[in-house]
Amino acid sequence: MAHRIVLLVSLCAVVQGIESKLTSVQECCNAGREIALREQDCTALPRFNSHICSIAQEHCCRSVARKRACDKGIKMGRSRRACERPFFAGSDWETQVSQTCCDCCTLGLKMESVGFSCDFQDLQLDKLCSNAAKVCCEKPKGIYPSAKAPEETKTFTAKSPEEENTCRELSCSQLCVANARCDCYDGFQLQRDGVTCEDINECQTGSHNCTAEQVCINTEGSFRCQLSCHPGFKLMDNVVCKDIDECALGSHDCGANYFCVNTAGSFHCEPKAACRDGYARDAAGSCVDVDECQVLTNPCRHGESCVNTAGSYSCRRTTVPCPQGYHPTADGTRCEDIDECKYYTWRLCAHVCENTEGSYQCRCLSGFRLTPDGRNCDDINECLTGRHDCAAGQVCINTEGSFHCRSQTSCDVGYKLTDHACQDIDECALGSHNCGANYACVNTAGSFYCKPKVVCADGYAPDAAGNCIDADECSGRSNPCQPGQTCINTPGSYSCHTNRVTCPRGFHLSVNGTQCEDVDECLIGDKCGSHVCVNLEGSYRCECRDGYMFNRVSKLCEDINECTHYPGRLCAHRCENTEGSYRCSCATGFKLAFDGRECEDINECEDKPCSQECTNVHGSYQCYCHRGYQLNDLDGITCEDIDECMMPNVCSYRCLNTPGGFNCTCPTSGYTLAHDGRTCQDIDECATGAHSCSAAETCFNVQGGFRCLFFECPANFRRTEKGSAGNASAVVRCIKTCPDHNADCARDPVHIITSTALSLPTFRHVEEPEEIVLLRTSVEAKPDLLPDEPDVLFDLLATDELNSFEVIKRTQNGMIVGVIRQIKAVMGPKELVLEVTMQYVQSGVVSQQNIVLIHVFISKFWF
């Protein structure tokens, strides 16, 4: 509503009245529209001295910007894309308008698709939403590409009252279609109760169109795609993935002896000092040997094996590992049996040694049997076992390894004849033995022997007195040493000294004592533990299992730190060395894949960590809030209500915060809430006919109400015209009409008395004079006025008690005008009358005087 009045008073007494300064306000409005068309911010406008002009400029700018934002939303809705604010450009209120129009367009499209009417009056939508829904529902010409054939006009039949009643009884949460059946908007699906609609999570069902570099975020009834980044990158402005410089941030794990070198999506550690050939830096920065046999591909020729050495490697002829009882052939390609009986006859079997494949076995001569140790032989007593062939009347006499038969007339020594048979004499039982005190008598067939009561250690034997004395192994019948060796008796043992050949370490003298033969260390003890022992000429080596490397110095298989030898090539994230192998692990937000090396993203949203909406991103998750909520700055997962009422200029009058939103209210009478839901708009009771003025009165709309005005002309004045209803008639012009012969009336200089009304808001802060009324004249303004040329003088006769108003003279478009200005704040509600005189002077004489009475109604509120 304009608060400025323009008055035109003519010198020739033709009453032009008080008019709205439509030309000036229109110019301010056009300036605001131009700013909006240039897509500039409507909240940052050029400052004008006139408050009225500033209001017109801002609201005209917002009107154009609102339409443009709504058109963007309608276009998005028609494309069936998600109506989310991040997809729209502009200020917060512009993106809100775009989203509203997009949602309402979607509603219109859905109503059209199911055959409903495009009249949305019953839904009581606001004007912005109702227009957007109607535009999309009616499908005006030009919405879709012209290449498509025009769709056939559909004909729908209105539902019968019975069907309408059935739909009301169903209480469908969204739509009720033909046959009284509930249906849902696009992006929703009907639940099992047949009434309630549930949002379809396109991100879970895979019905979205997000690319591999994007993350699908479900929204109410739709979805949106958000760019996601791989490890080592971070999302910038929701548009581009930017490399994370681990070196600059200090988030690398390079040691003190390394430089950090940033790479795209990662980094690598470069040693500060280079190692010698054959060596490389480990994680601690030390130079360690490079196992070329592991790093290089086939460094040796066919038939050769690679052997790592300190700082290098060597290629050796491949030899097969042989089990016990075998040794490799001369060419090392196969294993052949060792004849143990040939080389170790004198120490393996008591009687006969027979070689077997990979081993040997002992056999006894006839008349003997093998003892449990598998090496020694005991005599078989054929006489006791009945295995003799003595005839009847003969006596069987057992001998060492055999027996013999004798006649029954006499017996051998140690036997006696009893009942025609020779029976053993038990010398031990009869006491006819000669065992000393330190011996025990042991009876044998035909004899006895003395067993020492104290068992002597190996290499010692009892003497006649039962004492343990050294046994001279070298004086026996068989030489215990090999040919070419001299036996030397030692206390409790003996030693064999080589006569001619001395063998180095890893070799021993051959059986004939003439040459040195390789010692197969793999047959002696457990040299390599769980690894494979390979005998070498004069030495041996261990064929290590995977994950180990042979140390030629310690002769042991040592664990290989795969994480150090192959940095960045084994595990996607982290590598941990283990004994003989390694183990991969993942960073927070990932889990190890089935291959044990790659890392898969964990969908944390399955555990519902967020209080409202959760979106899984690579290696983490992001919580989102519904409209009207914001994330807690501390925990990042809790959605807290935004108190919009704490923001400046949210509502014109009062703001009531609600969970997830807010409500603006207006004074209880005289105002209504505008379509933007924030601004209080005055109700024009005069225009709507909601006033109580009589036929004789004029209804004048004021801020928040109305006034019934009745202006009467004083004596000797008459009204020029009678106005009709509305504020335009709040101007009464009274022209002097003198009766005949009334000299006083004729001499009165006042010719016109004009009464009008003006409604103003409360200006709480008046930093500069606020122009409220413009008084126009038809007198030409001249810089140098001659004495006989006309002039106009303005004077303010009546104002408020604080002198809050003034009148000044000014030139406009070459004509003299008067401007009434408010120079102080006036707190409403308040009513006052301003009386202004306009004197037309020529040659120093007042030729005519007009009076303007302005009834000012000041509202309680600023809007």
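Refer to the structure presented above.
Presented here is an overview of the structure given in this document. Every value quoted in this text rests on a predicted model; they were computed, and no experiment measured them. (Residues numbered from 1 in each chain as written. Predicted model: local features only at pLDDT ≥ 70, side-chain atom pairs only at ≥ 80, totals over all residues. Heavy atoms only, no water.)

Read across the sheet, six strands follow the order β53-β54-β55-β61-β60-β57 without closing on themselves; strand pairing throughout is mixed. Either end of the sheet is taken by a strand with one partner, and the two such strands are β53 (717-719) and β57 (791-798). Direction aside, the axes of adjacent strands within the sheet are offset by 20° on average. The sheet contact formed by strand β60 (residues 830-842) and strand β61 (residues 845-858) spans 13 bridges and is antiparallel. Bridging from a neighbouring strand, E831 pairs with F857 of β61. (Pairing = 2+ DSSP bridges. Helix = DSSP H or I, 4+ residues; strand = E, 2+ residues; numbered from the N terminus. Axes fitted to C-alpha atoms, helices over the stretch in contact; angles between N-to-C directions.)

This part is about the environment of C390. Mapped onto the elements, C390 comes out in the loop between α10 (382-385) and β23 (394-399). The class of C390 is buried, set by a relative accessible area of 14%. If we ignore the near neighbours within four places in the chain, the residues touching C390 are V395, C396, F403, H404 and C405. (Buried < 20%, exposed > 50% of the residue type's maximum accessible area, 1.4 Å probe, protein only. Contact = heavy atoms within 4.5 Å.)

Here we take up unusual backbone geometry. The peptide bond linking G828 to P829 adopts the cis configuration, its omega dihedral lying at 0°. Relative to the helices and strands, P829 is located in the loop between β59 (815-822) and β60. Of note, the phi angle at N649 is positive, near 55°, even though the residue is not glycine. With respect to the helices and strands, the residue N649 is situated in the loop between β46 (639-641) and β47 (654-658). On the accessibility criterion, N649 (75% relative accessible area) is exposed.

Where a protein is soluble and globular, its nonpolar side chains tend to be buried together. Among the nonpolar cores identified, the biggest contains 25 residues, and C70, I74, V97, C101, F120 and A132 are the most heavily contacted of them. Counting only elements with at least two residues in this core, the list comes to α1 (22-37), α2 (51-78), α3 (92-113) and α4 (127-138). Element by element, the count of residues in this core is highest for α3, at eight residues. Residue contacts for C70: discarding those within four places in its chain leaves V97, C101, L128 and A132. Membership of the second largest hydrophobic core comes to 24 residues, among which are V773, L775, F805 and M838. (Core = buried A, V, L, I, M, F, W, Y, C linked by side-chain atoms within 4.5 Å.)

It is worth spelling out the pairing of strand β56 (residues 770-780) at this point. Within β56, eight of the 11 residues are buried, which leaves it mostly tucked inside the rest of the structure. The pairing of β56 with β59 spans seven bridges and is classified as antiparallel. Among the inter-strand pairings, L774 is bridged to a residue of β59, identified as V819.

On to the pattern of salt bridges, then. Inspection of every chain in the model, using the stated rule, returns 13 salt bridges. R747 is the salt-bridge partner of D744, the closest N and O atoms lying 2.4 Å from each other. With a gap of three residues between them, D744 and R747 both fall in helix α14 (residues 743-747), about one helical turn apart. Of the residues examined, R747 reaches a relative accessible area of 59% and is grouped as exposed. (Salt bridge = Lys/Arg side-chain N within 4 Å of Asp/Glu carboxyl O.)

Tallied over the entire structure, the rule returns 30 disulfides. The disulfide partner of C118 is C137, and the gap between their sulfur atoms is 1.9 Å. Between C118 and C137, the S-S dihedral sits near -75°, and the bridge is therefore left-handed. Of this pair, C118 sits in the loop between α3 and α4 while C137 sits in helix α4, and the two are 19 residues apart along the sequence. Each member of the pair C118 and C137 is classed as buried. With a sulfur-sulfur separation of 1.7 Å, C428 is cross-linked through a disulfide to C441. In this structure, the disulfide formed by C428 and C441 twists by about -75° around the S-S bond and is classed as left-handed. Within this pair, whereas C428 is found in helix α11 (residues 427-430), its partner C441 is found in strand β27 (residues 439-444), the two being separated by 13 residues in sequence. (Disulfide = S-S within 2.5 Å.)

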